[in-house]
Each structure stands twice: as structure tokens, then as C-alpha cells.
Amino acid sequence: MVKQWKLKEIVLMSILGVVFAGIYLLFFFIGQGIRNVLTPFGLAPFGYEIIFGIWFIVSIIAAYIIRKPGVAFTAEVIAAAVQVLMGSPAGPALIITGIIQGAGAELVFAATKWKNYRLITLMLAGMSAAFFSFLWHLYSSGNIALAPTIIFATFIVRLISGALLAGVLGKWISEQLAKTGVLRGYALGKELQEKREKNTA
């Protein structure tokens, strides 16, 4: 798997992992703020769920740009490890979360043999990461103690967040980056260049 990666792809994965580690850490505090706002209404469990998809986004972006086996998984694990080094309140256990989330996203790309990167695939990858992370957090975060209706509702919200914030937003961010020309040497950049050439032919 690693042998298939070019040096520039490894560098890009690392850069994305570091950048999104910072973004992930920022959203930890944003989520806490949302949770505090929702607490008086009895909706505290939804505080993080609304934005949870943002914590899968680097796996989607890296996979969409590079399009090779293992990229989604590796980018997510890098981001998790860097967050720990940055002093995330979640601590070292966050690396396990990153492994689970990255594996969840990678599973969908693997199902297509890493050949399908349409929007629906990216959304499903975000939802898969949401699904497996939710199962993990049921026990690691004690969410299993919540009322069944709350568990079900937060599960649905996390799935939607994964589809939209990781899948849709991840695709949009990747394509905006590609339009600047910085991704010319990567699969996404080449695909968009080919489309432009066809449209002008």
C-alpha cells in the first residue's frame, strides 16, 4: 500500500493531517460552546453531534485528492496523533478514535476498489466514519447510558453530519483547492484539468 504512494502524496497527507488537527481541536471547543447553549433545553448530547462530521473531513479530502488505497485511513490517523501532541483534552485515546474513523471512511473507498470518487461515495464514506465512531463512543464515552430515543436521534444527526460536513463540504474544499492549481500533480487536479480541456475543445 505505502509503496504505491509517491513522496509528494505522503507530504500532502502529512500537511493535511497537521492542518486539520488544528481545525479539529478548534471544533472541540466550538462543540463545547454549542453544548453549553443547548444544555438548558435538555439537548446537550446534540452539541457535538451537529458538527461531528467535521472530524472525518480530512479522510475525505485526502482520499478525494490522491485516490489511492490507505489514504483516507492514514490522513485521519495523522490528524488524531497530531491533536494528541497539540494537547487535546481527549488525550491519547483520541488515536484509537482516529483509527476507527479513518477505517470507517476507508472501508467505503475499498468497496469501490478505490475507483469511485463521486459525491455519493464521499457522502457514504463520511456516514461510514460516523457509524463506526458512534459505536465506539457508545462505550468509550458512556453514551450507552443515554435514553434509547436520545441514542437513536444523536446517531441520525451524526450520520447526516458525516454526509454533509465530511462528504459534501470535503468535496467542495478539495475542488476549491484544485482550482487554484496547487493540486495539478494529483489525481483530482488532473481530472479537473482534463474536464477543462474537454470543455474548451
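Look up a bit, the structure's there.
Let me sum up the structure you'll find in this document. Note that the structure is predicted; figures quoted are calculated from it, not measured. (Residues numbered from 1 in each chain as written. Predicted model: local features only at pLDDT ≥ 70, side-chain atom pairs only at ≥ 80, totals over all residues. Heavy atoms only, no water.)

Here's the deal with the environment of Val108
Okay, so step 1: Examined against the element boundaries, Val108 turns out to sit in helix 5 (residues 93-111).
Okay, so step 2: Sequence-wise, Val108 and Met127 are 19 residues apart; in three dimensions their C-alpha atoms are separated by 9.4 Å. (Helix = DSSP H or I, 4+ residues; strand = E, 2+ residues; numbered from the N terminus.)

Examining the packing of helix 3 (residues 57-66) against helix 8 (residues 187-200)
Okay, so step 1: Packing of helix 3 against helix 8 leaves a shortest axis separation of 5 Å and a crossing angle of 55°. The orientation of helix 3 with respect to helix 8, classified from their angle, is oblique. Facing helix 3, whose interface residues are Tyr64, Ile65 and Ile66, helix 8 presents Ala187, Leu188 and Glu191.
Okay, so step 2: Of the residues assigned to the contact of helix 3 with helix 8, the class counts are 5 nonpolar, no polar and 1 charged. (Axes fitted to C-alpha atoms, helices over the stretch in contact; angles between N-to-C directions. Parallel < 35°, antiparallel > 145°, perpendicular 65-115°, else oblique. Contact = heavy atoms within 4.5 Å. Nonpolar A, V, L, I, M, F, W, Y, C, P; charged D, E, K, R; others polar.)

Here's the deal with the packing of aromatic side chains
Okay, so step 1: Going through the model one piece at a time under the given rule, you end up with 10 aromatic pairs.
Okay, so step 2: Plain terms: the ring middles of Phe28 and Tyr48 are 5.8 Å apart, the flat faces sit at 35° to each other, and that makes the pair tilted. Placement of Phe28 in helix 1 (residues 7-38) and of Tyr48 in helix 2 (residues 46-49) is noted, with a sequence separation of 20 residues between them.
Okay, so step 3: On the accessibility criterion, Phe28 (25% relative accessible area) is partly exposed.
Okay, so step 4: Take Tyr48: its relative accessible area is 16%, and that puts it in the buried class.
Okay, so step 5: Judged by centre distance (6.1 Å) and plane angle (65°), the ring pair of Phe131 and Phe155 falls under edge-to-face. (Phe/Tyr/Trp six-rings, centres within 6.5 Å; stacked < 30°, edge-to-face > 60°. Buried < 20%, exposed > 50% of the residue type's maximum accessible area, 1.4 Å probe, protein only.)

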